[in-house]
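Coordinate analysis (summary)
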Amino acid sequence: MVSSEQRRRQLAREKYERQMERRAEAASARRRRNTILGASLAVVVLAGGGTLFATGAFSSDGKDKNTSAASSAQPAPTQADPASTPTRKPVEGCAAPAPGSPNKKQFKAEPAMSIDDHGSYTMTLDTNCGKVTVAMDAAKAPHTVNSFNFLAGEQYFDHTKCHRLTTDGIFVLQCGDPTATGSGSPGYKFADENLSGATYPAGTVAMANSGPGTNGSQFFLVYKDTQLPPNYTPFGKITGGLDVVQKIASAGTLEGSGDGHPMADVTFNSVTVSKG
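Model, not experiment: these values are computed from the prediction. (Residues numbered from 1 in each chain as written. Predicted model: local features only at pLDDT ≥ 70, side-chain atom pairs only at ≥ 80, totals over all residues. Heavy atoms only, no water.)

1. Considerations on the state of the cysteines
Evaluation of the coordinates by the stated rule reveals two disulfides. The disulfide partner of Cys 94 is Cys 129, and the gap between their sulfur atoms is 2.0 Å. Note on the Cys 94 and Cys 129 pair: the S-S dihedral is about 110°, so by sign convention the disulfide is right-handed. Note that Cys 94 is positioned in the loop between α1 (4–46) and β1 (121–127) and Cys 129 in the loop between β1 and β2 (130–136), a separation of 35 residues in sequence. Between the sulfur atoms of Cys 162 and its disulfide mate Cys 175 the distance is 2.1 Å. An S-S torsion of about 95° defines the bridge between Cys 162 and Cys 175 as right-handed. Of this pair, Cys 162 sits in the loop between α2 (142–153) and β3 (164–166) while Cys 175 sits in strand β4 (residues 172–175), and the two are 13 residues apart along the sequence. (Disulfide = S-S within 2.5 Å. Helix = DSSP H or I, 4+ residues; strand = E, 2+ residues; numbered from the N terminus.)

Here you go:
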C-alpha cells in the first residue's frame, strides 16, 4: 500500500517531469524560431528580396530557389487581405507614375555581348519620384552592363515598380522585377562578376540573386553604407539622385516594418542606357 508520503513524492515527481517536458518543448520551439529568424536575416543580410534575396541580402526570388530574400530571398512581403491592407500615403516629391504597364518580355538566353567593355555607360532611371543616374562599370561587370543595355533597349524596365525597401540592418531599395513580387526575371540568368573584395557603400548599385550565378533583372540601390557578404555583383555607382533614393527610404515601408514595400509607389517611367 502506498503511503501518503510516497504518494506526495510521486505527485511531486510527476509535476517536475511535466515541467521539464514543457521546458524542453519551449526550448525546441525557440530553436525552430531562431532557425527561421536566422534564415530570414540571411536573406536580409545576404538578399533580403525579394528576396533580396537563397539566403541573400538582396535576392531575387526565383522559382528554383532552395531556401528562405533577397527571399529564401524573401520577396517583399505579400500584402494581407483587402480589409487589412495598409493605406499608401503621399510621399513628398513623388508624382503619379506615367501611364503604362510592364511588357514582361521573356528571353530564352542571355543576350550576345554587344557593348564595348572599355566604354563608359550611364543608366538613367527616370522614376516618378525623381531621376537617378548610374555610372556603369563595363570593365569589371561586362555581362551585367550588357544585360542592362539589352533590357533597357527592349523597354523591359519601363513601368516596373521597386518592390522592396529595407531600412533596418541593410539599407537598399530593390527594383527590376516586372511582376513586383520578387520572383520576376527576363527568362535568362548569367554569372556573377566583380565579387572579389566587393563592398556596398552608399551609392552602390548591385545585382539581386537567389544564389550563385542566378542574376536576371533584379537589382538594388544602396542608399546608406551597408554590410553585406561579397555575393552580389556591384556594377555601378549612383552619380546623381542619391537624394531621391534616400527620400524614398525616409518615407519608410507601406507595412511600417523594416523590410517591405516602399511607402512611395516607386515606378520607373523609363530606363535607358547610353554610351559616352
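On we go from here.
2. Remarks on helix α3 (residues 242–250)
Helical periodicity: at 3.6 residues per turn, an α-helix aligns residues three or four positions apart in one direction. For α3, the complete set of buried residues consists of Val 244, Val 245, Ile 248 and Ala 249. Projected onto a plane normal to the axis of α3, the buried residues spread over an arc of 135° and lie on a single side. The exposed set on the far side of α3, more than 90 degrees from its buried face, consists of Asp 243 and Ser 250. Gly 252 lies just past α3 and shows a positive phi near 75°. (Buried < 20%, exposed > 50% of the residue type's maximum accessible area, 1.4 Å probe, protein only. Arc of directions from axis to C-beta.)

3. Details of unusual backbone geometry
A positive phi angle is found at Lys 104, which is not glycine, with a value near 55°. Within the secondary structure, Lys 104 sits in the loop between α1 and β1. Backbone geometry at Gln 155 places phi at a positive 55°, although glycine is not the residue there. A relative accessible area of 40% means that Gln 155 is categorised as partly exposed.

4. Examining the side chain of Thr 144
Considering the arrangement of structural elements, one finds Thr 144 in helix α2. The class for Thr 144 is buried, based on a relative accessible area of 0%. Setting aside its immediate chain neighbours within four residues, Thr 144 contacts Phe 190, Glu 193, Met 207, Thr 233 and Phe 235. (Contact = heavy atoms within 4.5 Å.)

5. Re the nonpolar core
Ranked by internal contacts, the top residues of the largest apolar core, which has 43 residues, are Met 123, Leu 125, Met 136, Phe 219 and Phe 235. Those residues in contact with Met 123 that lie beyond four places of it in its chain are Val 132, Thr 133, Val 134, Met 136, Phe 148, Phe 235, Val 271, Thr 272 and Val 273. Among the nonpolar cores identified, the runner-up in size contains 10 residues, and Ile 170, Tyr 200, Phe 220 and Val 222 belong to it. (Core = buried A, V, L, I, M, F, W, Y, C linked by side-chain atoms within 4.5 Å.)

6. A few points about the side chain of His 261
Summarising the element assignment, His 261 is placed in the loop between β8 (259–260) and β9 (268–275). Separated by 2.5 Å, the side chains of His 261 and Glu 255 make a polar contact. (Polar contact = N/O pair within 3.5 Å; in protein donor to acceptor, adjacent residues only side chain to side chain.)

7. Focus on the environment of Gly 169
Within the secondary structure, Gly 169 is located in the loop between β3 and β4. According to the relative accessible area criterion, Gly 169 is exposed, its value standing at 51%. Sequence spacing of Gly 169 and Asp 259 is 90 residues, and the spatial spacing of their C-alpha atoms is 9.6 Å.

8. Brief notes about α2
The end-to-end C-alpha distance of α2 is 16 Å, a good match for the 16 Å that 12 residues give at a rise of 1.5 Å each. If you check which residues of α2 are buried, you get Pro 142, Thr 144, Val 145, Asn 146, Ser 147, Phe 148, Leu 151 and Ala 152. Where α2 terminates, the next one or two residues include Gln 155, which has phi positive at roughly 55°. (Expected span 1.5 Å × (residues − 1).)

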